[in-house]
Amino acid sequence: MRRIPGFLKKLLPALTGVGMIFVWYFICISLSADHRFLLPSPSEVGHAFLEKGGALWGGAVTTGGGALAGFGVSVALSFVIALILSLSPLVRASLYPYLMILQMTPVIVIAPILILWVGPGFRSVTTITFLICFFPMVVNTTQGLISTDRNLVDYFRMCKASKWQEIWLLRVPSALPYFFTGLRIGATLAPIGAIVGDYIAGNSAGGQGGLGFLTIIYSSQFQMGALFATAIVGCALGFVFVAAVVALSWLSLHKWHESFSRTDA
Amino acid sequence: MPTESLPIVEFAGVMKRYGDGPTILDNVSFKAERGDFISLIGPSGCGKSTVLKLISGLNPISGGKIVVDGMSPKGAVEKLSFVFQEPTLLPWHTVEKNVELPMRLHGVAAASRAEVAERCLSLVGLSDRKEYYPRQLSGGQKMRVSIARALSVSPKILLLDEPFGALDEMTRDHLNEELLAIRQQLAWTAFFVTHSVAEAVFLSNRIIVMSANPGRIHSEVRVDLPYPRTEETRQSAEYQKLVAEVSKILRSVERLKA
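This one's a predicted model, so the numbers in the text were calculated from it and none came from an experiment.

J.: How do you make sense of the interface of chain A and chain B when you look at a structure like this?
T.: Accessible area lost when the parts come together is the quantity often used to give the size of an interface. The interface of chain A with chain B comprises 13 residues on the first partner and 14 residues on the second. Broken down by secondary-structure element, the contributors of at least two residues to the side of chain A that touches chain B are helix 7 (150-158) and helix 8 (163-201) of chain A. Its residues assigned to classes, the side of chain A that touches chain B shows seven nonpolar, three polar and three charged.

Next comes the structure, spelled out in structure tokens:
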């Protein structure tokens, strides 16, 4: 097979995108008049961006804030819980089922309870985001903390390293790749969690509605273009989160970890 | 004062078994003088690695007595260093930071750590690689770093458990010569577990041949070839005679096992 030049490889996704917009456009114009409302054309969506720019930006900021807060709480708590879980198989056996339950509980059902407990708006959104991100992050980090190379653990013990040194100088650094895998999954879930949270437990008082709130408004008014625009903004938010995590993991791993070695790239 | 003339490691009728399991070591006795380079050789399961573990005080003995530098193995733990078959380097630390690790674990100040690391890396000829990460090094270089790390705590006793077993023969020969060259500069006593008779003869002044099931000392061979030893040593008739002799003993021990 012929080698594809590097610049073309980078250009390809953009070209596919342009192609898809064309396909979208042609589907639009081939729809009959009474079905036209089902699929807004690219230009209608573009128009919605211009018209609702302020609302979408405000919604993105609100949702982004909730997602960031929920994600942050999730990072901190999943790390602490993972440290506790890594202590012994006994601790894991006794706590894992309850973490599973936390994950299995449908957020929609507990949303009303959360609203009563922490109040609607930012705090509910943060809590819901946290609930959605937490599980994959804690599972990954725990797996990392208990997968430390046996030889290295033995070496630390022979050096009479304290338990504390073993955790901070050995187990935590060697769990970093796993930690970032969890973070990456969490980063894709956080904006979704914040939008869902906003949808079911948001607070629009003072124009502080997030993307979930905008979704409610636009769908009740059949503003298909605006709904599409909202979806695109939510998607972009997800990309920002993932990009930030990817950058962070590159910074802390690329020098030493095999996954960044150039030879098998 | 009197400890200087005493053997640095003494085993007297040492027994070792794990729980109710089979006897790993049975009535093992020897004395190691300061500066000895002792190789332990024998069929697998003869307990040669166990001897190293017992010297390090990691595992308790089931009978007999071990004295390390005038005290119990547990008390002498800071006087010894380990080198394993695996380099066991931390992949997220540079070569320099890896060499500093044992000092860091023992709470040595950062400034003096760097100085010692520098010196130890120059001993193994890797001064120019101190900013590298382990994955950028070859197998032989990783093992050199591992040796530099072991030397960083200025050990009196170096315990080497098949350190060059995973390396190719050329690299192994080079590292053997380097190890002896370092030993000329720093006086430590070495216990070296190996499967290679040639390596044992080249490095040691004493070779302890062990037999298995249970692990016992079968015999001891003295290697009176003069240090420093070089590539010429390997060509000499005495060296080759000794290799043949030890191989013969080892074969008879293996037969004993079968």
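J.: I'm lost on the pairing of strand 2 (residues 23-32) of chain B in this one. Help?
T.: The two faces of a sheet get side chains in turn, since along a regular strand they alternate between them. All names here are of chain B. Judged from the six bridges that link them, strand 1 (residues 9-17) and strand 2 form a sheet pairing that is antiparallel. Pairing of Glu 10 across the sheet is with Lys 31, part of strand 2. Remark: five residues form the turn of the hairpin made by strand 1 and strand 2, two consecutive strands paired antiparallel; Gly 19 in that turn has positive phi of roughly 60 degrees.

J.: So what exactly am I meant to see when it comes to the sheet that holds strand 1 of chain B here?
T.: Backbone-to-backbone hydrogen bonds join strands into a sheet, with any given pair of strands oriented parallel or antiparallel. Residues and elements named next belong to chain B. Reading across from one edge, 2-1-4 is the order of the three strands in this open sheet, with antiparallel pairing throughout. Of all strands in the sheet, those bounded by a partner on one side alone are strand 2 and strand 4 (63-68). On average, each strand axis in the sheet is tilted by 20 degrees relative to the strand beside it, whichever way the strands run. Sitting on the sheet, helix 1 (residues 48-56) touches strand 1, strand 2 and strand 4, and the angle it makes with strand 1 is about 115 degrees.

J.: Where do I start with the environment of A:Val242 in this structure?
T.: Residues and elements named next belong to chain A. As for its placement among the helices and strands, Val 242 is situated in helix 10 (residues 224-253). Considered as a pair, Val 242 and Arg 184 are 58 residues apart in the sequence and their alpha carbons are 6.1 Å apart. Once you skip the residues sitting within four places of it in the chain, Val 242 turns out to touch Arg 184, Ala 187 and Thr 188.

J.: What's the story with unusual backbone geometry in this structure? I'm lost.
T.: The general pattern is negative phi for most residues beyond glycine and trans for most peptide bonds. All names here are of chain B. Geometrically, the link from Asn 213 to Pro 214 is a cis peptide bond, its omega value of -10 degrees lying close to zero. Locating Pro 214 in the fold gives a position in the loop between strand 8 (206-211) and strand 9 (216-222). Of the consecutive residues Tyr 227 and Pro 228, the connecting peptide bond is found in the cis state with omega at -5 degrees. Tracing the chain through its elements places Pro 228 in the loop between strand 9 and helix 7 (231-235). Positive phi, normally seen in glycine, also occurs at Glu 162, with a value near 45 degrees. Within the secondary structure, Glu 162 sits in the loop between strand 6 (157-161) and helix 5 (169-185). Phi angles above zero are rare outside glycine, and Asn 213 is one such case at about 55 degrees. With respect to the helices and strands, the residue Asn 213 is situated in the loop between strand 8 and strand 9. Assessed through the 15 C-beta atoms surrounding it within 10 Å, Asn 213 is described here as partly exposed.

About the cut-offs
Residues numbered from 1 in each chain as written. Chains lettered and ligands numbered in written order. Predicted model: local features only at pLDDT ≥ 70, side-chain atom pairs only at ≥ 80, totals over all residues. Contact = placed C-beta atoms within 7 Å. Helix = DSSP H or I, 4+ residues; strand = E, 2+ residues; numbered from the N terminus. Nonpolar A, V, L, I, M, F, W, Y, C, P; charged D, E, K, R; others polar. Pairing = 2+ DSSP bridges. Axes fitted to C-alpha atoms, helices over the stretch in contact; angles between N-to-C directions. Buried ≥ 20, exposed ≤ 12 C-beta atoms within 10 Å, placed from the backbone.

The quantities given are spatial measurements derived from coordinates; they are silent on function.
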